[in-house]
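Coordinate analysis (summary)
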Amino acid sequence: MRFCMPRLMPFVLLLLVWLGPVSASEAVDRGKLLSEAGVYGTFAAFTLDAEWAKEDQATRIAYLTVLRGVVEQHREKIVIDLYLMRGLSDYADLMFRVHAVELREAQNFLLDLQGSLFGRHLKAAGIMHGLTKKANYVPGLPDQMKADLKTVSEPGPRPYAIVIPISKNTDWWGLDPDKRLAMMKEHTEAALPYQKTVKRKLYHSTGLGDIDFITYFETSKLENFHSLILALEKVKEFQYVSRLGHPVLMGTAISLPEIMEILAQ
Amino acid sequence: MRFCMPRLMPFVLLLLVWLGPVSASEAVDRGKLLSEAGVYGTFAAFTLDAEWAKEDQATRIAYLTVLRGVVEQHREKIVIDLYLMRGLSDYADLMFRVHAVELREAQNFLLDLQGSLFGRHLKAAGIMHGLTKKANYVPGLPDQMKADLKTVSEPGPRPYAIVIPISKNTDWWGLDPDKRLAMMKEHTEAALPYQKTVKRKLYHSTGLGDIDFITYFETSKLENFHSLILALEKVKEFQYVSRLGHPVLMGTAISLPEIMEILAQ
Amino acid sequence: MRFCMPRLMPFVLLLLVWLGPVSASEAVDRGKLLSEAGVYGTFAAFTLDAEWAKEDQATRIAYLTVLRGVVEQHREKIVIDLYLMRGLSDYADLMFRVHAVELREAQNFLLDLQGSLFGRHLKAAGIMHGLTKKANYVPGLPDQMKADLKTVSEPGPRPYAIVIPISKNTDWWGLDPDKRLAMMKEHTEAALPYQKTVKRKLYHSTGLGDIDFITYFETSKLENFHSLILALEKVKEFQYVSRLGHPVLMGTAISLPEIMEILAQ
Amino acid sequence: MRFCMPRLMPFVLLLLVWLGPVSASEAVDRGKLLSEAGVYGTFAAFTLDAEWAKEDQATRIAYLTVLRGVVEQHREKIVIDLYLMRGLSDYADLMFRVHAVELREAQNFLLDLQGSLFGRHLKAAGIMHGLTKKANYVPGLPDQMKADLKTVSEPGPRPYAIVIPISKNTDWWGLDPDKRLAMMKEHTEAALPYQKTVKRKLYHSTGLGDIDFITYFETSKLENFHSLILALEKVKEFQYVSRLGHPVLMGTAISLPEIMEILAQ
Amino acid sequence: MRFCMPRLMPFVLLLLVWLGPVSASEAVDRGKLLSEAGVYGTFAAFTLDAEWAKEDQATRIAYLTVLRGVVEQHREKIVIDLYLMRGLSDYADLMFRVHAVELREAQNFLLDLQGSLFGRHLKAAGIMHGLTKKANYVPGLPDQMKADLKTVSEPGPRPYAIVIPISKNTDWWGLDPDKRLAMMKEHTEAALPYQKTVKRKLYHSTGLGDIDFITYFETSKLENFHSLILALEKVKEFQYVSRLGHPVLMGTAISLPEIMEILAQ
């Protein structure tokens, strides 16, 4: 026996087609913003309020169409990724990751989002910012390690995304640079075996919030991600980590049409 | 003098019969998922909102029937256990324990649950995930201890379930493996006397949330469980535990029809 | 000039008489449950929601009559004491202390309470459990001290009740038993002068929640209670206390009819 | 250009006159309760709920008249002071300071307050209790210092009131009394220059809540108060302070008619 | 394709013109209050409640006009700056920075604000106070450094504003003044390279709240601000910082008409 929920896909699709996609020429260069230094990464997690579920379906679909409009409009300037946290986290229901050259552009997007008919049902659970920078320690690493670090991760979808805020204690910042480099070499060595199955990205946050780094992970193999973190907790550098997570944010990567379908139900 | 509450059992049963049970052939292999390594365990605790008690009884029963539908549907793929925390804990009213081969399957269940008419009255109090793994230290233990660990717990119901999240400090992860093994031997010895009356299960959580382990206990003799934890706090390994509980989650194991009867009142 | 509130006592009494008291033969043996080892003590503190004050008086009286019914029904199996925290604490408005041979019986009472028309206005602020055990250290104390410990507290009402959750740090549990005994002797000596005016009771909580002990005090002389705690903080054993209070729960002992009168206003 | 708010003073006064003041003979001896040892001081801070602002003005005035009635009635037994925290603190909107010979009397006042039509809009933000005691260390201080401590503070209004909860660590309580006296002498010396412009009062709280002391300050010169606290943080005794504030409660002393006028707007 | 929101600017302007600006002669001397010692700085952050978005636009505009009236009225006595935090912070939606000679004047403004029709939709997220003082350590610095500190920041807008509360540990306050000066010299040296692009202002808060300092930053180059904080975390003095941020408050400087336009949408 199957207990079936009504599926709204056809109706939702109809509405979405009407709005149409942003043409490629108008959108910002995603590859560039996701790879260059000097780009701001904003992670904004939201919960849906209790009123959302009480709106009738037609209203919810109308509001989700507004969401799509806001996202599409800002995609001309910034890169926006979506994650579904509901069902995996008690912290939030959905998360936006925004890459922007100027932090004001991320703010403008979130202002339009929170001010929209859809956004009135959102409550900000957590907003974090970080800045991409050239790798601090890589230039000092052995050549073989540098080569290994260039291994690209396996192709195919990586549905699980995990965001871990990190702070280091005051001892770390006071250490001799050579000691820091030696420890980061050990850290990098411990992480290399997971290079293929767990994709990582680092953002620097000191001053932009109450953390020093945002680490972002994508994987299809959660068990490997678990092993990676366990390996990193066993190296010396980890003794200088004063905060790891709190919260760890886990979600699944999701497209705009998919999240619209789920939230319309 | 007895102060009687109306009992709804007959009406509830009538409704439940109509839905019918999942046939054995369709359900996932419970024994396998509860014993094998590489399985994800999700503990999701929820509170019922203040609106729930204001719904009239017929509506509550209808919503609980939806709950049953959602649970039965997902039992084809995942193992779902229920616990009643209300009356024992200020943290939550009920808890689901889910065992799944892929964490996405647990997320899909909780998405359907939270999106259902019943789920609109639920507020996520806490969601934790862990992974079952082959025992780390058992291979290094003496043979007699290995044999003792195979003692099965006494038959009969074990109504009390306790979930204790655990984290270890950075010193632990930096220790020499031999030292860790010696301490885990002492830890295991301290626990052996409670093997028969307190059933334990361990989940590894590093990276999947803000804890390192989820420990799960079942017993009919709470006093023995108390003595077990006290014994474990006296061994050396406990000096490396940076978090035990916070919160300790206590509930009573309960079947779907039982919880439906209680919540329908 | 007096600013008078209407007094509802007569009306409330009328209703209460109709329900009638539990006859002595049906009620559980209070003396036994309050003195023996192996009994569970549950402290459940609740706040009244904002809706309570908006109900009209007749409705409030009807709901309080339901409260009385629930309490009287369960008094057949468990011992229930009530405390008024409102006006003394920002943590909760009222607190139930339950003594039961099986923790499930306390859960059943709280389930019926929270599921009742009165309970729908309650929000659980904190629920703690402990177990009474034979005194750990008394057998090792000098005979004179043992005799002194038998001094009964002065007769008469002890309106103030204070509940202090306590945890000890990992060093304590790792100490040599002789050292622990010596320190508990000093602790007991410091407390003896207050034996007559401050009644104490100890519950063991390790594993049953996030604390190690619940200490319960009753007195009519709060200043003596303050001096007692101050004396206990000056002995060596206190260096091993990692948590004292947080929260300290203070209330006044109150009968069911009294609390009904206060809450009906 | 002035942007004017309607001023309700005349109407409010009219209502207040009708109730009339408590005659001097009926009121408790304020001077005695504020200077003697063995008196309980209760600090109860409240926030006004969001519904308050939505009541129409006539209703608000009626409710504030009830507040006045409750305060006046209890002033026969206890001393009640009021402070306006709104605009200075995010912690609460108003604070009552109550001096009573028995803590039950403070509880009775707060019960009547919270049960009143006005009180239904209040939410307890924090309630703290302390006990006045004879100065612990003064007898051991040099005669000149004793004389200096008798300097009375300058006449005139001291509008700013600051309440700072304080706890000392376990090392302090374990110190040799002579060492404590020497440190309190240094502490007293550091405070003396502010004796004239900052009035202080000390309450002992150990056991009555989660703090050891409540320190209360009144001043018209906030900058001097800032310098006083800074001076006290530089003496050795401060190394034993484990908690200072968290929260610091700041408000302005205000009369009942003044607060009625402000809240009626 | 552009997804357009209605722009209300013309209507809002119409209303604002009607009220008219405060003439220069009536307003307080902004330059003086922002540069002199002995001035109180209040940072008050607020969130807008969920009801705000449900008000229709005409009502919102009317309420925002009230906001303007309250701000203009108090600008006769105090300096008021506004910041938009929404979209950059989960802590609050907007922040007021107030400079006043007497803290009561800031309280009076916030009282009028919170009591206004607009203010009924505001919830205080955090209120902090500090006092400007003559630089403690500058007199002891080398002449060249003193000269360098006089470098004015580059002209042009500095849209980003960051407020970081800071506390120092008890060791700092116990240090020899010479050691403190030497460390502040190193601290100042580390900050000098950012003098041109990041404007700083310091407020002393000890006793006025639960922090020791409020540091305020303005910049158009967030990356430089990030580098400045990173540089300050590497000097010895940082080992004595017990709290930095928690929360860091980030916003963008905004004029009254701009915030009215954004909130009217």
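This structure is a prediction, so every number in the text was calculated from the model and none was measured.

Attention now goes to the overall build of chain A. In terms of regular secondary structure, chain A is built from nine helices and nine strands. On C-alpha atoms alone, chain A measures out to a radius of gyration of 20 Å, which is about the 18 Å that the 2.2 N^0.38 rule sets for 265 residues. With the principal axes as the frame, chain A shows a C-alpha extent of 60 × 45 × 35 Å. When the 265 residues of chain A are sorted by exposure, 39% land in the buried category. Pairs at least 24 residues apart make up 83% of the contacts formed inside chain A by residues separated by at least 6 positions.

Contacts between the two partners involve 30 residues from chain B and, on the opposite side, 30 residues from chain A. Among the secondary structure elements, those contributing two or more residues to the side of chain B that touches chain A are α3 (57-74), α4 (103-115), β4 (122-131) and α6 (170-174) of chain B. Residues that form the side of chain B that touches chain A fall into these classes: eleven nonpolar, 14 polar and five charged.

Here we come to the interface of chain C and chain B. Interface size is commonly expressed as the accessible surface area that is lost when the partners come together. Listed as interface residues are 30 residues of chain C and, on the opposing side, 30 residues of chain B. Counting residues per element, the ones that place at least two in the side of chain C that touches chain B are α3 (57-74), α4 (103-115), β4 (122-131) and α6 (170-174) of chain C. A class-by-class count of the residues in the side of chain C that touches chain B yields eleven nonpolar, 14 polar and five charged.

The next subject is the relation of the copies chain C and chain B. Superposition of chain C onto chain B requires a rotation of 72° combined with a translation of 0.0 Å along the rotation axis, giving an RMSD of 0.0 Å. Here the two chains are linked by the operation of a five-fold rotation axis. Measuring from the rotation axis to each C-alpha of chain C, the shortest distance belongs to C:Ala50, at 9.8 Å.

Below, the discussion takes up the packing of helix α7 (residues 177-191) of chain B against helix α8 (residues 222-232) of chain B. All names here are of chain B. With their axes 9 Å apart at the nearest point, α7 and α8 run at an angle of 155° to one another. When the axes of α7 and α8 are compared, the pair comes out roughly antiparallel. The two elements α7 and α8 meet at a crossing, and its hand is right-handed. In contact with His 187, Ala 190 and Ala 191 of α7, α8 contributes Leu 228, Ala 231 and Leu 232. Here the contact of α7 with α8 is composed, by residue class, of five nonpolar, one polar and no charged.

Here we come to the confidence of the model for chain A. All names here are of chain A. Looking at chain A, the pLDDT average stands at 90 and 90% of residues meet or exceed 70. Below pLDDT 50 for its whole length, residues 1-22 participates in 30 contacts with residues either more than four positions away or in separate chains. Under the prediction, the complex receives an ipTM of 0.90, its pTM being 0.92.

So, about the nonpolar core. Among the nonpolar cores identified, the biggest contains 324 residues, and A:Met85, B:Met85, C:Met85, D:Met85 and E:Met85 are the most heavily contacted of them. In this view, A:Met85 contacts A:Ala45, A:Tyr91, A:Ala92, A:Asp93, A:Leu94, A:Met95, A:Leu249, A:Met250 and A:Gly251; residues no more than four positions away in its chain are not counted.

What separates chain A from chain C at the closest point of their C-alpha atoms is a distance of 18 Å, and the two make no contact. The two units chain C and chain E remain apart, with a minimum C-alpha distance of 18 Å.

Moving on to the domain arrangement of chain A. Residues and elements named next belong to chain A. Here chain A is partitioned into domain 1 (28-132 + 253-264) and domain 2 (138-250). Each of domain 1 and domain 2 has a C-alpha centre, and these two points are 25 Å apart. Taken residue by residue, the interface counts 15 residues in domain 1 and 15 residues in domain 2. In terms of residues, the side of domain 1 that touches domain 2 owes the most to one element, strand β4 (residues 122-131), which gives four residues.

It is worth spelling out the pairing of strand β9 (residues 249-254) of chain C at this point. All names here are of chain C. Along β9, five of the six residues are buried, which leaves the element largely enclosed by surrounding structure. Here strand β2 (residues 79-84) pairs with β9 via three bridges, running antiparallel. When the sheet's bridge partners are listed, Leu 84 is paired in β9 with Thr 252. The sheet contact formed by strand β5 (residues 160-168) and β9 spans four bridges and is antiparallel. From the neighbouring strand, Ala 161 faces β9, where its bridge partner is Gly 251.

All names here are of chain E. Structurally, the position occupied by Ile 259 is in helix α9 (residues 256-264). Each C-alpha atom, one on Ile 259 and one on Leu 82, is 8.3 Å from the other, the two residues being 177 residues apart in sequence. Ignoring anything within four residues of it in the chain, the contact list for Ile 259 reads Leu 82, Leu 84, Leu 94 and Ile 254.

Residues and elements named next belong to chain A. Of all seven residues in strand β3 (residues 94-100), six are buried, a share of seventy percent or more. Alignment of strand β1 (residues 40-48) against β3, held across seven bridges, turns out to be antiparallel. Bridge pairing in β3 places Ala 45 opposite Met 95. Two elements, strand β2 (residues 79-84) and β3, share six bridges in a ladder whose sense is antiparallel. Considered in β3, the bridge of Leu 82 is made with Phe 96.

Here the focus is the packing of helix α3 (residues 57-74) of chain E against α9(E). Residues and elements named next belong to chain E. The N-to-C vectors of α3 and α9 enclose an angle of 160°; their axes lie 9 Å apart at closest approach. By the angle between their directions, the pair α3 and α9 is classed as roughly antiparallel. Considering the relative orientation of α3 and α9, their crossing is right-handed. Every residue of α9 that contacts α3 at Gln 57, Arg 60, Ile 61, Leu 64, Arg 68 and Val 71 is listed here: Leu 256, Met 260, Leu 263 and Ala 264. Along the lines of polarity and charge, the residues of the contact of α3 with α9 split into seven nonpolar, one polar and two charged.

Glycine aside, negative phi is the norm for most residues, and most peptide bonds take the trans geometry. Residue and element names in this part refer to chain B. Cis geometry marks the peptide bond from His 246 to Pro 247; its omega dihedral reads 5°. Within the secondary structure, Pro 247 sits in the loop between β8 (241-244) and β9 (249-254). One non-glycine residue with positive phi stands out, namely His 246, at about 55°. Along the chain, the position of His 246 falls in the loop between β8 and β9.

Conventions adopted
- Residues numbered from 1 in each chain as written.
- Chains lettered and ligands numbered in written order.
- Predicted model: local features only at pLDDT ≥ 70, side-chain atom pairs only at ≥ 80, totals over all residues.
- Helix = DSSP H or I, 4+ residues; strand = E, 2+ residues; numbered from the N terminus.
- Rg over C-alpha atoms; globule rule 2.2 N^0.38 Å.
- Buried ≥ 20, exposed ≤ 12 C-beta atoms within 10 Å, placed from the backbone.
- Contact = placed C-beta atoms within 7 Å.
- Nonpolar A, V, L, I, M, F, W, Y, C, P; charged D, E, K, R; others polar.
- Least-squares fit on C-alpha atoms with pLDDT ≥ 70 in both.
- Axes fitted to C-alpha atoms, helices over the stretch in contact; angles between N-to-C directions.
- Parallel < 35°, antiparallel > 145°, perpendicular 65-115°, else oblique.
- Left-handed = near helix turned anticlockwise from the far one by under 90°.
- pLDDT = per-residue confidence, 0-100.
- Core = buried A, V, L, I, M, F, W, Y, C linked by C-beta atoms within 7 Å.
- Domains from an automatic or database assignment.
- Pairing = 2+ DSSP bridges.

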